[in-house]
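Here are the chains, one letter per residue:
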Amino acid sequence: MKKLFAKDVLAVWASLGLIVMLCGAWVLPSNKLYHQLLTLLLWLPAVLALLHRDVRRMLKQPEWWLFAAFMVWTLVVLAFKGGEDVIGKAKVTLYVALTLLGIVLAAQSPKWRVEAVLFYSSILGGVFALVSLTSFYLLAEQPIKGRLVAVGLWDTAIMAAHAVGALAILGLCVVQARRCSPWVMLLLLIPAFGYVAFLGFSQTRGVWIALATCLLVMSVARPSRLGTGLVALAVLGLAAIALLQPHILLQRGLSYRPQLWGGGMQLLLDHWAMGLGFHEYWIPVEQLDRAFKHPHNLFLDTGVREGVIGLLLFGWLWLAAGWRGWTCRAQPLGRALLALWVFAGASLMTDGIGLWLKPNADWLITWLPIGLSMVLAARVRCETDANAVASPP
């Protein structure tokens, strides 16, 4: 029994849960089963890992303190402002905490490095992106102008594009540190093509902007021939769309984002102290004669629901994750975090719907970057402790 609860065993256990989190939605038949597998494979080993002193020590990092403060404030807002499902929302905060701990635990495995888990998950994601393309246009016989969605549980265009974009970025960043034969690199073009095709046919302009921003930032953060080539390809691709299919860029205009952001900002100013809580709210758009449930901006939605304090706490946590990626950008995982953080931030400012939701595609661009930041923080702590032992005063 002791061997079952050993830290190395729990880390491998949590690694399986991380794979489910990243790829399970492609193949599982229901969200209920997805959540049950996360409970069994990611959250349960995270709870058991708290029995280990060295795991508890990993929680003494800035990101964990910031997350704890934000989580407590969220529970305070729930207690005073309420919502449609107070108990359910309170549970989600626990799910998120266990997910973050599970990601950190998975990174402690001596057999499966977290970079390898991200790499192989990215390959699976690219293959399933290609399967989605085939299923949507060939098997389901959807029109070629239709917006592509994924097979499985990620069945909305925007959220699917968020998750697929995140997996593509993670794979691109970690593959650069791996030594692959020419034949392997040739095979990797298959998932790469799947990602390019999926993200193109999803017609999600917010994701396109986020990808372009990510490539530009990374070309500055870590200049390389690959980065320069990808930026050039992105520019050529955008130019081709503008020349051949300009309606894709123009048909929906700005999708009323300025009006939605303005409405969200007004709600934030009107309820700046503790927000509206987790009740349903609406933002009217006069030009459409309809209202929307959120401002299509995760940061604004957080402020509307949790007030200025909640927005500042989450903003501080988000900036801490970005700074961790920047300071660790010499490492493959640090580059992956920085690239994912930029992509996620740009995506969430145009299409983010909310933080405290049950596990879904957007967790790959909300909580995964914070989890990877905590992994890097734990590594820095371990290196500092090792150097202190090696160099006694």
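Draft legend 1. Region of the structure containing the overall build of the protein. When helices and strands are tallied, the protein shows 16 helices and two strands. Carbon and sulfur atoms provide 70% of the accessible area of the protein, an area that totals close to 18,800 Å².

Draft legend 2. Summary view of the nonpolar core. Ranked by size, the top nonpolar core spans 113 residues in total, and within it F67, W154 and W367 carry the most contacts. Each residue touching W154, except ones within four places of it in the same chain, is listed here: M21, L22, A25, W26, V149, A160, A163, L167, N360, A361 and L364.

Draft legend 3. Inspection of helix α9 (residues 189–201) at higher detail. Counted at 1.5 Å a residue, the expected span for α9 with its 13 residues is 18 Å, and the 18 Å between its end C-alpha atoms agrees. Tucked into the core, α9 has its buried residues touching α6 (114–139), α7 (157–175), α8 (182–187) and α10 (205–221). With its phi angle positive at about 55 degrees, Q203 sits one or two positions after the end of α9.

Draft legend 4. Main features of the pattern of salt bridges. Overall, the coordinates contain seven salt bridges when judged by the stated rule. With a closest N to O distance of 3.0 Å, D54 and K7 form a salt bridge. Note that D54 is positioned in helix α3 (residues 53–57) and K7 in helix α1 (residues 7–27), a separation of 47 residues in sequence. Taking the relative accessible area as the measure of exposure, D54 reaches 35% and is therefore partly exposed. Across the pair E63 and R324 runs a salt bridge whose closest N-O atoms are separated by 2.8 Å. Remark: R324 occurs in helix α14 (residues 298–327) and E63 occurs in helix α4 (residues 62–81); sequence separation between them is 261 residues. Relative accessible area serves as the criterion here: at 2%, E63 is assigned to the buried category. Accessibility expressed as a relative area gives 15% for R324, which makes it buried.

Draft legend 5. Looking closely at the side chain of H162. Looking at where H162 falls in the secondary structure, it is placed in helix α7. We classify H162 as buried; its relative accessible area is 0%. There is a polar contact of 2.8 Å between the side chain of H162 and the side chain of D362. For H162, the residues in contact, after removing those within four places along its chain, are V207, F343, S347, D351, D362 and I365.

Draft legend 6. Inspection of the packing of aromatic side chains at higher detail. Tallied over the full model, the rule gives 16 aromatic pairs. Between W43 and Y95, the ring centres sit 4.7 Å apart and the planes meet at 5 degrees, which makes this aromatic pair stacked. With W43 in helix α2 (residues 31–49) and Y95 in helix α5 (residues 86–106), this pair connects stretches of sequence that are 52 residues apart. Classification of W43 as buried rests on a relative accessible area of 5%. Taken together, W64, F67, F70, F299, F314, W318, W341, W356 and W367 form an aromatic cluster joined through their ring pairs. Its guanidinium or amino end placed over the ring of F292, R290 lies 4.3 Å from that ring's centre, counting from NZ or CZ. Over the face of the ring belonging to W326 we find R329, whose NZ or CZ atom lies 3.9 Å from the ring centre.

Draft legend 7. Quick peek at the packing of α10 against helix α15 (residues 332–351). Look at α10 against α15: their axes get within 8 Å of each other, and the N-to-C directions meet at 145 degrees. Like other packed secondary-structure pairs, α10 and α15 cross with a definite hand, here right-handed. Contact residues: G206, V207, A210, L211, T213, C214, V217, M218 and A221 in α10; R335, L338, A339, V342, F343, A346, S347, T350 and D351 in α15. Taken together, the residues that form the contact of α10 with α15 break down as 12 nonpolar, four polar and two charged.

Draft legend 8. Representation of a nonpolar patch on the surface within the structure. Taken together, the side chains of W183, L186 and L189 define a hydrophobic patch exposed on the protein surface, amounting to about 390 Å² of accessible area. Among the secondary structure elements, L186 is positioned in helix α8. Owing to a relative accessible area of 49%, L186 belongs among the partly exposed residues under this scheme.

Draft legend 9. How the structure looks around the state of the cysteines. All told, the structure shown has zero disulfides when counted by the stated rule. Looking at C214, it has no disulfide partner, and the nearest cysteine sulfur is the one in C173, 6.4 Å off.

Draft legend 10. Structural detail: the side chain of E115. The topology assignment puts E115 in helix α6. Contacts of E115, omitting those with residues within four sequence positions, involve V174, L333 and R379.

Draft legend 11. Molecular detail of the packing of helix α13 (residues 257–270) against α14. Viewed as axis vectors pointing N to C, α13 and α14 meet at an angle of 35 degrees, and their least axial separation amounts to 9 Å. As α13 packs across α14, the resulting crossing turns out to be right-handed. On α14, the residues touching W261, G264, M265, L267 and L268 of α13 are L300, G303, V304, G307, V308 and L311. Grouping the amino acids of the contact of α13 with α14 by side-chain chemistry returns eight nonpolar, three polar and no charged.

What counts as what
- Each chain has its residues counted from 1, running along the sequence as written.
- With pLDDT at 70 or above as the cut-off, local features in this predicted model cover only qualifying residues; side-chain atom pairs require 80 or more to be listed or tallied, and sums for whole chains, interfaces and linings still use all residues.
- Only hydrogens and water are set aside; all other atoms, that is, all heavy atoms of the structure, feed into the side-chain values.
- Per the convention used, a helix needs a DSSP run of H or I reaching at least four residues, while a strand needs a run of E reaching at least two, with both numbered from the N terminus.
- Each accessible area is a Shrake-Rupley result for a 1.4 Å probe, and residues are judged covered by the shown protein chains and nothing else.
- The term nonpolar core refers to a set of buried residues drawn from Ala, Val, Leu, Ile, Met, Phe, Trp, Tyr and Cys, joined through side-chain atoms within 4.5 Å.
- Note on exposure labels: buried denotes an accessible area under 20% of the residue type's maximum, exposed denotes more than 50%, and partly exposed covers the range between, all computed with a 1.4 Å probe on protein chains only.
- Whether two residues are in contact is decided by their heavy atoms: any pair within 4.5 Å suffices.
- Multiplying 1.5 Å by the helix residue count minus one yields the expected span of that helix.
- The salt bridge definition used is simple: a Lys or Arg side-chain nitrogen within 4 Å of an Asp or Glu carboxyl oxygen.
- Here a polar contact is taken to be a pair of N or O atoms separated by no more than 3.5 Å, where protein atoms must pair a possible hydrogen donor with a possible acceptor and residues adjacent in sequence count only if both atoms sit in side chains.
- Any two rings among Phe, Tyr and Trp, with Trp reduced to its six-membered ring, count as a pair given centres within 6.5 Å; such a pair is stacked if its planes are under 30 degrees apart, edge-to-face if over 60, and tilted if neither.
- We call a charge positioned above a ring when the Lys NZ or Arg CZ atom is no farther than 6 Å from the ring centre and deviates by at most 35 degrees from the ring normal.
- Note on definitions: angles span 0 to 180 degrees between N-to-C directions of axes, and those axes are lines fitted to C-alpha atoms, for helices only across the stretch in contact.
- Each crossing is labelled by how the near helix is turned from the far one, with a counterclockwise turn of less than a right angle marking it left-handed and a clockwise turn marking it right-handed.
- Under the scheme applied, nonpolar residues are Ala, Val, Leu, Ile, Met, Phe, Trp, Tyr, Cys and Pro; charged residues are Asp, Glu, Lys and Arg; polar residues are all the others, including Gly.
- Patch definition: residues with relative accessible area over 30% and no salt bridge; like charges joined within 9 Å; nonpolar side chains (Val, Leu, Ile, Met, Phe, Trp, Tyr) joined within 5 Å.
- When two cysteine sulfur atoms are found within 2.5 Å, that pair is recorded as a disulfide.

Don't take any of this as a statement about function, it's just geometry.
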